[in-house]
Amino acid sequence: MFRDVTLGQYYPADSFVHRMDARVKLVLSTFYLISIFYVQSFVGFGLVTLFLLTTIAFSRVPLRSVLRSIKGIAVLIIFMCILNIFFFDGGELLVDWWIIKIYLNGILSALRLMLRLVLLVLGTSLLTLTTTPVDLTHGIESLCTPLKWIKFPVHELALIMSLALSFIPTLIGETDRIIKAQKARCASFDTGGLIARAKAFVPILIPLLVSSFRRADELALAMNSRCYEGATHRTQMRLMKLSIRDAIGTLVVILFFTAVFLTRSDSIIAQHLPLWIKF
Amino acid sequence: MSIVVNNLCFTYNPRTEFSVNALIDVNVTINDGEIVGIVGHTGSGKSTFVQHLNGLIKLQSGSIIVNNIDLSAKKIDYNALRSTVGMVFQYPEYQLFADSVGKDIAFGPKNLKLPQDLIDKRVNDSIDMVGLDRSVMDKSPFDLSGGERRRVALAGVLAMQPSILILDEPTAGLDPQGKGEILSLVKQLNKQLGTTIIMVSHDMNEIYENTNRVLLFGEGRIIDDCSTELLFAKGEQIDKLGLQLPTMASIKNKLASRGIYLTGRRVEEVFNSILDLYSRNSRGADNV
């Protein structure tokens, strides 16, 4: 039931992308996200897609594993597309039937939105597929270090995050077990009306909540008994080091970003390109 | 009326890079009223196997027939199946949820849509069966001790009146007294109601003393299926799998290699058999 949660699931492999520094990957991913919302034309989207596919190829993560992450937001994507198609006007009127009016711009904007969402989810899940949660948290912590100057509890927040991440598999296992135990007592989660179904989750949620608190308590005790006292005087076990790999990765992203920039219809180069590129 | 399993195979995450063969060609028949132990290493397929028996895991290939319910059929009456096969998971006390003990125990019968008076009767009966006082009925399960909570969880399964009871590590984390109580309750169920007991455990002493037959699992297969006495008499096989020999079995095996044969599996029984042998020997010496 809960086995296909790809977001945040590390795919173990030894590849160029896996071995890049988590901090660099985080920064480059941010640039990637910016580029997704920056592109307008479909040529630009083609470029982004090409870049993503190349990165996936270099990460040695099977395409299927990356694509699995779309499943979770498929409904959202479809819903947003429908909204865009029916409630966007401008451009050529394509369909005019009863109260339904579909314009060319509606379809184009629906397509863009769909591409953006898909690329967004694929890109971010590629980041989590190739970076262990621990590395990711370390990366975020390291990138946020400047915030310490304004007394922002960076280390504590990073700790909370890494603990939350590391408990996800445990909690999934626990949920699975509780569901099975209640099913063994003939609980059913897919019959009755909306309220009956919502009520059916009480026998799962309460034991889960209770055990989460129990685990949190035990963990706090274990940390206390080992003299944990926050960020002061703590060193890292794994030191992050930049390598030539990160330089190459950054260079590729800069090239890609420049190319994307050039496809924008308002850039100087694009004015000399044929009209169809502007869609 | 029994459990018949034929050619059962199961793969986790089939057709993905994480696929694992959890069960490979498992064949076994368990008759009514048996007490069967299931032993094997972590990841040997024990849990996957028992979860098949009440339909918690859908059949992939092979066939299972439980008390005339065919689990390979397209439409299975899960309520009938799950009230026939009761399942007590590891640490069952963590699955309690209701605000009172009575309500929690009534959860199963209520899901079976039984009339209220029958539900009340079953709740009372199972409270009595697990040896708790009826006054706990209105308490919150979270106010009870660990041992008591486990018995409440057990009562919640017994309220379904299963004719087959599967227990996964029923005594894990209990003190010796609590262990004894749970085990004697299980034996009593078997004796008085004829309930078939299937017990998964890592504690070989527990298996040795309380079961009559053992299924030994290893890497998804049943490696051995024989009487408890016979399985542990072959010490090398257990050793080779890295499992521990029950204390009484290892004493008996060692003495047997010197030509002294003891009987019984519980400590008292073996002790009596030693006494018996000793008094017979000394009587024999007197005669000479």
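As the structure is a computational prediction, the values presented were derived from the model and not from experiment.

J.: Sorry if this is basic, but what is going on with the overall build of chain A here?
T.: A count of helices and strands for chain A gives 10 helices and 2 strands. Listed N to C, the secondary structure of chain A is α-α-α-α-β-β-α-α-α-α-α-α in terms of helices and strands. Here the C-alpha radius of gyration of chain A, 24 Å, is well above what a compact globule of 279 residues would show, namely 19 Å. If you line up chain A on its principal axes, its C-alpha atoms span 70 × 60 × 40 Å. Looking at chain A as a whole, 32% of its 279 residues qualify as buried. When contacts within chain A are restricted to residue pairs at least 6 apart in sequence, those whose partners lie at least 24 apart make up 72%. Of the roughly 17,100 Å² that chain A leaves accessible, carbon and sulfur atoms contribute 71%. Across chain A, the mean location of the 28 positive side-chain charges is 4 Å away from that of the 17 negative side-chain charges.

J.: Would you take a moment to explain the sheet that holds strand E1 (residues 2-12) of chain B for this structure?
T.: The pairing of strands in a sheet comes from backbone hydrogen bonds and takes either a parallel or an antiparallel form. Residue and element names in this part refer to chain B. Taken in spatial order, the 4 strands of this open sheet run E2-E1-E4-E5, and their pairing is antiparallel. Unpaired on one side and paired on the other, strand E2 (20-31) and strand E5 (69-70) mark the two borders of the sheet. Summarising the sheet, E1 and strand E4 (residues 61-66) pair through 5 bridges and their orientation is antiparallel. By the bridge assignment, Val 5 is partnered in E4 with Ile 64. Where helix H1 (residues 46-53) meets the sheet, it contacts E1, E2 and E4, and its direction lies at approximately 125° from that of E1.

J.: Where do I start with the packing of aromatic side chains in this structure?
T.: Within a pair of aromatic rings, the relevant descriptors are the distance that separates the centres and the angle that separates the planes. Here the structure, examined in full by the defined rule, presents 11 aromatic pairs over all chains. Considering the side-chain rings of Tyr 91 of chain B and Tyr 94 of chain B, the 5.8 Å spacing of their centres and the 25° angle between planes classify their relative orientation as stacked. Here the aromatic cluster, defined as three or more aromatic residues joined through ring pairs, consists of Tyr 32, Phe 51 and Phe 256 of chain A. Directly above the ring of Tyr 94 of chain B sits Arg 214 of chain A, whose terminal nitrogen or CZ lies 3.9 Å from the centroid.

J.: Teacher, can you tell me more about the sheet that holds strand E9 (residues 213-218) of chain B here?
T.: All names here are of chain B. Across the sheet, which stays open at both edges, the 6 strands sit in the order E6-E7-E8-E3-E9-E10 with mixed pairing between neighbours. Looking along the sheet, the strands with just one partner apiece sit at the ends: strand E6 (85-88) and strand E10 (221-227). Each adjacent strand pair in this sheet contributes to an overall mean axis angle of 15°, direction not counted. Against the sheet, helix H6 (residues 176-193) engages strand E3 (35-40), strand E7 (164-168) and strand E8 (196-200), with an angle of about 150° to E8.

J.: How should I be thinking about the pattern of salt bridges in this particular structure?
T.: Opposite charge on two side chains makes pairing possible when the charged atoms of those side chains draw close. Counted by the stated rule, this structure contains 20 salt bridges over all chains. The salt bridge partner of Glu 93 of chain B is Arg 150 of chain B, with a shortest N-O separation of 3.0 Å. Of this pair, Glu 93 of chain B sits in the loop between E6 and helix H3 (101-111) while Arg 150 of chain B sits in helix H5 (residues 146-158), and the two are 57 residues apart along the sequence. In this structure Arg 150 of chain B comes out as buried when scored by relative accessible area, which is 2%. Through salt bridges with shared partners, a single network forms among Glu 174, Arg 177 and Arg 215 of chain A.

J.: What is the right way to look at the nonpolar core in this model?
T.: Generally speaking, nonpolar side chains in soluble globular proteins are found buried as a group. Ile 105, Leu 165, Leu 167 and Phe 232 of chain B are the most contacted members of the largest nonpolar core, which totals 46 residues. Broken down by element, the residue count for this core peaks at 6 residues, all from H5 of chain B. For Ile 105 of chain B, the residues in contact, after removing those within four places along its chain, are Arg 185 of chain A together with Val 123, Ser 126, Ile 127, Val 152, Ala 155, Gly 156 and Ala 159 of chain B. Val 5, Phe 10, Ile 57 and Ile 76 of chain B belong to the second-largest nonpolar core, a separate cluster that totals 33 residues.

J.: Looking at this structure, how should I read the interface of chain B and chain A?
T.: By a widely used convention, the size of an interface equals the accessible area lost when the partners come together. Between chain B and chain A, the residue contacts involve 29 residues of the former and 22 residues of the latter. For the pair chain B and chain A, the two sides together bury roughly 2,200 Å², of which 61% comes from carbon and sulfur. Linking chain B with chain A are 1 salt bridge. Note that Arg 185 of chain A and Asp 104 of chain B form a salt bridge whose closest N and O atoms lie 2.9 Å from each other. Between chain B and chain A we count 4 residue pairs in polar contact (both at pLDDT 80 or more) in total. Listing elements by their share of the side of chain B that touches chain A, those giving two or more residues are helix H2 (78-84), H3 and H5 of chain B. By residue number, the principal contributor to the side of chain B that touches chain A is H3 of chain B, which donates 5 residues. Grouping the constituent residues of the side of chain B that touches chain A by class yields 15 nonpolar, 10 polar and 4 charged.

J.: Is there a simple way to explain the side chain of Ser 2 of chain B in this structure?
T.: Note that Ser 2 of chain B resides in strand E1. Overall, Ser 2 of chain B belongs to the buried group, its relative accessible area being 17%.

Cut-offs applied
- Throughout this document, residue positions are counted from 1 along each chain, in the order its sequence is written.
- Here chains are named by letter from A upward and ligands by number from 1 upward, in the order in which they appear as written.
- The predicted nature of this model means local features are confined to residues of pLDDT at least 70 and side-chain atom pairs, given and counted, to a pLDDT of 80 or more, with totals for whole chains, interfaces and linings taken over all residues.
- Calculated side-chain values reflect all of the structure's heavy atoms, with hydrogen atoms and water omitted.
- Elements are defined by DSSP. Helices are runs of H or I of four residues or more, strands are runs of E of two residues or more, and each kind is numbered from the N terminus.
- What the globule rule says is 2.2 Å times the number of residues to the power 0.38, and the radius of gyration is computed from C-alpha atoms.
- Accessible area is worked out with a 1.4 Å probe on protein chains only. A residue is then buried under 20% of its type maximum, exposed over 50%, and partly exposed in between.
- Here, residues are in contact when the closest pair of their heavy atoms is within 4.5 Å.
- In short, Shrake-Rupley with a 1.4 Å probe defines the accessible areas, and a residue's cover is counted only from the protein chains shown.
- Neither His nor the chain ends is counted toward charge; the positive residues are Lys and Arg and the negative residues Asp and Glu.
- Note that the charge is assigned to NZ on lysines, CZ on arginines, CG on aspartates and CD on glutamates.
- Whether two strands pair depends on DSSP finding at least two bridges between them.
- All axes are obtained by fitting lines to C-alpha atoms, using only the stretch in contact for helices, and the reported angles, taken between N-to-C directions, cover 0 to 180 degrees.
- Aromatic pairing here means that ring centres of Phe, Tyr or Trp (its six-membered ring) are within 6.5 Å. Orientation follows from the plane angle: under 30 degrees is stacked, over 60 is edge-to-face, and everything else is tilted.
- Any Lys NZ or Arg CZ found within 6 Å of a ring centre and within 35 degrees of that ring's normal is scored as a charge over the ring.
- One side-chain nitrogen of Lys or Arg within 4 Å of one carboxyl oxygen of Asp or Glu is enough to make a salt bridge.
- Only buried Ala, Val, Leu, Ile, Met, Phe, Trp, Tyr and Cys residues count toward a nonpolar core, and they belong to the same one when joined by side-chain atoms within 4.5 Å.
- Summed over both partners, buried area is the accessible surface (1.4 Å probe) that two parts give up on being assembled.
- Under the rule applied, a polar contact is a pair of N or O atoms within 3.5 Å (in protein, one hydrogen donor and one hydrogen acceptor; residues adjacent in sequence only if both atoms are side-chain atoms).
- Ten residues, namely Ala, Val, Leu, Ile, Met, Phe, Trp, Tyr, Cys and Pro, are considered nonpolar, four, namely Asp, Glu, Lys and Arg, are considered charged, and the remaining ones, Gly among them, are considered polar.

By themselves, these observations are geometric and do not establish any function.
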